[in-house]
Structure formats: structure tokens, C-alpha cells
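Structure assessment
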Amino acid sequence: MQQAVRIAPSILAADFSRLGDEVRAVTAAGADLIHVDVMDGHFVPNLTIGPDMVKALRPHTTLPLDVHLMIAPVDPFIATFAEAGADIITAHVEAGPDIRRTLELVRSLGKKVGISLKPATPAAAIQPLIGLVDLVLVMTVNPGFGGQSFITSQLDKITEIRRMIDASGRMIDLEVDGGINAETARAAVSAGADMLVAGSATFKGGVGAYAANIGRLRAPPDDTRRAAARSS
Ligand code: DX5
Ligand code: ZN
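Since the model is a prediction, treat every value here as computed from it, not as a measurement.

The rules behind each value
- Every chain begins its residue count from 1, and numbering advances along the sequence as written.
- Note on labels: chains are lettered from A, ligands numbered from 1, in written order.
- The predicted nature of this model means local features are confined to residues of pLDDT at least 70 and side-chain atom pairs, given and counted, to a pLDDT of 80 or more, with totals for whole chains, interfaces and linings taken over all residues.
- With hydrogens and water stripped out, all remaining heavy atoms of the structure feed into the side-chain values.
- Any residue with a heavy atom lying within 4 Å of a molecule or strand is counted as near it.
- Each polar contact in these results corresponds to two N or O atoms within 3.5 Å; when the atoms are within protein, one needs to be able to donate a hydrogen and the other to accept it, and residues that are neighboring in sequence are counted only if both atoms are side-chain atoms.
- In these tables, accessible area is a Shrake-Rupley quantity obtained with a 1.4 Å probe, and a residue counts as shielded only by the protein chains included in the view.
- Only DSSP runs of H or I covering at least 4 residues are called helices, and only runs of E covering at least 2 are called strands; the numbering of each starts at the N terminus.
- Classification convention: Asp, Glu, Lys, Arg as charged; Ala, Val, Leu, Ile, Met, Phe, Trp, Tyr, Cys, Pro as nonpolar; all other residues, Gly among them, as polar.
- Each residue is assigned to one of three classes by its accessible area relative to the maximum for its type, calculated with a 1.4 Å probe on protein chains only: buried under 20%, partly exposed between the two thresholds, exposed over 50%.
- In plain words, nonpolar cores are sets of buried Ala, Val, Leu, Ile, Met, Phe, Trp, Tyr and Cys residues tied together by side-chain atoms within 4.5 Å.
- Whether two residues are in contact is decided by their heavy atoms: any pair within 4.5 Å suffices.
- Distances up to 2.8 Å from the metal define which N, O and S atoms are donors, and 3.2 Å serves for Na, K and Ca; water is absent from the atom set, so sites may look incomplete.
- Think of it this way: with four donors and all angles in the 85 to 135 degree range, the site is tetrahedral; with four or six donors, opposite ones beyond 155 degrees and the rest between 65 and 115, it is square planar or octahedral; otherwise it is irregular.
- The axes are straight lines fitted to the C-alpha atoms, using for helices just the contacting stretch, and the angles between their N-to-C directions are given from 0 to 180°.
- Per-residue confidence from the predictor is given as pLDDT, running between 0 and 100.
- Each Phe, Tyr or Trp ring, with Trp reduced to its six-membered ring, pairs with another whose centre is within 6.5 Å; inter-plane angles below 30 degrees give stacked pairs, above 60 give edge-to-face pairs, and intermediate values give tilted ones.
- Either the NZ atom of lysine or the CZ atom of arginine qualifies as a charge over a ring when it sits within 6 Å of the ring centre and within 35 degrees of the ring normal.

**As for the site of ligand 1**
In the vicinity of ligand 1 there are 20 residues, among which Asp 37, Gly 144, Asp 177, Gly 199 and Ser 200 approach most closely. Take Gly 147: an N or O atom from its main chain is 2.9 Å from an oxygen atom of ligand 1. In this structure, Asp 177 approaches ligand 1 through a side-chain N or O atom, which is 2.6 Å from an oxygen atom. Coverage of ligand 1 by the protein amounts to 99% of the 380 Å² it exposes when considered alone. Put simply, the parts of the chain that give the shell around ligand 1 at least two residues each are β2 (34-39), β3 (65-70) and β8 (195-198). Of the residues assigned to the shell around ligand 1, the class counts are 8 nonpolar, 10 polar and 2 charged.

**Overview of the environment of Gly 215**
In this fold, Gly 215 is placed in helix α8 (residues 210-217). In this structure Gly 215 comes out as partly exposed when scored by relative accessible area, which is 36%. Along the sequence, Gly 215 and Gly 30 sit 185 residues apart, while their C-alpha atoms lie 8.0 Å from each other.

**Some words on the nonpolar core**
Where a protein is soluble and globular, its nonpolar side chains tend to be buried together. Ranked by internal contacts, the top residues of the largest apolar core, which has 71 residues, are Val 136 and Leu 196. It is helix α5 (residues 154-168) that provides the largest number of residues to this core, a total of 5 residues. Among all residues touching Val 136, those that are not within four sequence positions of it are Ile 115, Leu 117, Ile 126, Ile 130, Ile 161, Ile 165, Ile 172, Asp 173, Leu 174 and Glu 175. If you look at the next biggest cluster of nonpolar residues, it comprises 9 residues, including Ile 88, Met 139, Val 141 and Met 195.

**Digging into the coordination of the zinc ion (ligand 2)**
Around a metal, the perfect tetrahedron of four donors has angles of 109.5 degrees, and the perfect octahedron of six donors has angles of 90 or 180 degrees. The protein atoms that coordinate the zinc ion (ligand 2) are His 35 (NE2), Asp 37 (OD), His 68 (ND1) and Asp 177 (OD), at distances spanning 2.0 to 2.3 Å. Each of the 6 donor atoms bound to the zinc ion (ligand 2) contributes to angles spanning 67 to 167°, and the resulting shape is octahedral. When the donors of the zinc ion (ligand 2) are listed by position in the chain, the intervening gaps give H-x1-D-x30-H-x108-D. Pair noted here: Asp 37 is in strand β2 and Asp 177 is in strand β7 (residues 173-177), with a separation of 140 residues, a long-range link. There is no split in this pair, since Asp 37 and Asp 177 are both buried.

**Examining the packing of α5 against helix α6 (residues 182-191)**
With their axes 8 Å apart at the nearest point, α5 and α6 run at an angle of 35° to one another. Across the interface between the two elements, Leu 155, Ile 158, Thr 159 and Arg 162 of α5 pack against Ala 187, Ala 188 and Ala 191 of α6. Classifying every residue of the contact of α5 with α6 gives 5 nonpolar, 1 polar and 1 charged.

**Notes on the environment of Phe 81**
Counting through the fold element by element, Phe 81 comes out in helix α3 (residues 75-84). On a C-alpha basis, the gap between Phe 81 and Leu 69 in space is 9.5 Å, while along the polypeptide they are 12 residues apart. If sequence neighbours within four positions are ignored, Phe 81 has contacts with Val 38, Gly 50, Pro 51, Val 54, Val 67, Leu 69, Ala 86 and Ile 89.

**What to know about the confidence of the model for the protein**
One rule of thumb: low pLDDT means the predicted coordinates there are not for detailed reading. Overall, the prediction assigns the protein a mean pLDDT of 95, with 94% of residues at 70 or greater. Low confidence marks residues 228-232, where pLDDT is under 50. Its contacts with residues over four positions away, or in another chain, come to 0 contacts.

**Section: the packing of aromatic side chains**
In this description, a pair of aromatic rings is defined by centroid distance and the angle of the planes. Counting across every chain of the model gives 1 aromatic pair. Seen in terms of ring centroids, Phe 203 and Tyr 210 are 5.2 Å apart; in terms of plane orientation they differ by 75°. Their pairing is edge-to-face. Overall, Phe 203 belongs to the buried group, its relative accessible area being 8%. The positively charged end of Lys 118 is found above the aromatic ring belonging to Phe 43, 4.3 Å away from the centroid.

Structure representation (C-alpha cells):
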């Protein structure tokens, strides 16, 4: 079942020299989760942050920390991120060597279990894993950098995964990550997403703009608006 839209600012687009303040600011501005992008310069061509940063940010918000691991190998680091304070731990289906074991490891640590797919990976790759996860994260850019453009061809994949989730009868979040702005947010939600990661679109314009930026992303999809207009 598609749930109310939740917004997860990606701190990749925040001011790294004052990340604690930035996390507090988006928390006060109405964010629902804090999205933390972890990159290793191997699985993706960029390096970002590690478990010590998750630990340092933990006291700055009561919101869930949504940790997106773009690393391979991933298994040796899961327990460290769990101890550091991650609430959701998402690994990539492409990361190997045994995604099922990775997901079971996250589950065994009492954390929410997420699975992510790169744009080139078909929805079918996660079909056998749907019973093991609490969240599916569809990448709508090639992972590695913030500020890229939304890959529209992923909308069909979002819809396919929405059907897969609904058919499972399980409560699974469908999160979309990459190139989200007010317009692509509507398209992603219409396609079936209920959680949106937004880096650039959240942090643009400085602290005073965060609440309005987040509010714009939460706007209902076009067809909902049309239905509301018809009934009023
Ligand atoms: C990309 C990351 C995204 C990224 C989103 O590899 O997973 O979370 O920070 O940034 P925007 O919203 O700027 O596309
Ligand atoms: Zn991410």
C-alpha cells in the first residue's frame, strides 16, 4: 500500500563544514528522515563519509537515519553502521557477493532492511528478495554524485516495484533517490513512490528556504490534485 509521502534530505548536498547544524535545520524544517550517502570510491566513483560521521550526527536529530550504502564489500561494515546509530540500512543488489546474506545480517541487528537498484538493474533482480526487506530504494540517477538529472525511464520500474510490493501484502517503503525536484517528485509519487530522497532540492537557498523546499516536494501528484479540484 502506498503510504503518505515522506521526505528524506540527503546530507550530501548540505554544508559539510557544519553537518550537525544542517541536520538540525532540516529536522526543524519538517524532514521525515535523514538520508546518509556512504560511498567507497570502488562501488561508485566517489568517496563520502563513514560510520564515525553517522555516530557524530546521531545526537543531532530524533529522525531515523536512512543509511544508503554504496560500497562493496558491504557485509564487513554493516554492524559498524548499526552500532553507529543507523535506523535503516540499505545495500545494493549489485554489491555482492550474497545479497540475501547481507539483508539477513541487517535484520539480525534489529535494523530496517533496505535494498537498492541502480538504473540499469531490472526490477526482476529484487523480486526474490521482496520478502526480506522493509524498503526498496530505486535509484533515478547513476549513484555517485548529487545534483544529477532524474532518469525518466525509471518511472516504469517504480510502477513495477509498486505492484510487486502491493502483491507481497507486506509493508514496504518505496523510496526514490536522485534528481528529485518538485516536478520529478510528483512523477515519482504518481508512479508509486512514498519516500523521496532530495539533496540539492532540499538544501538550495540556505537555511531559511529548507521548510518551503521540503513542502514543495510533498505536494500531491497531479492526478490527486485534479481529483481534489473536481470534488471541490
Ligand atoms: C547519489 C545519492 C543521492 C544524492 C541525491 O548517489 O545516492 O542520495 O545525494 O542528490 P540529488 O537530490 O541532488 O540528486
Ligand atoms: Zn542516496
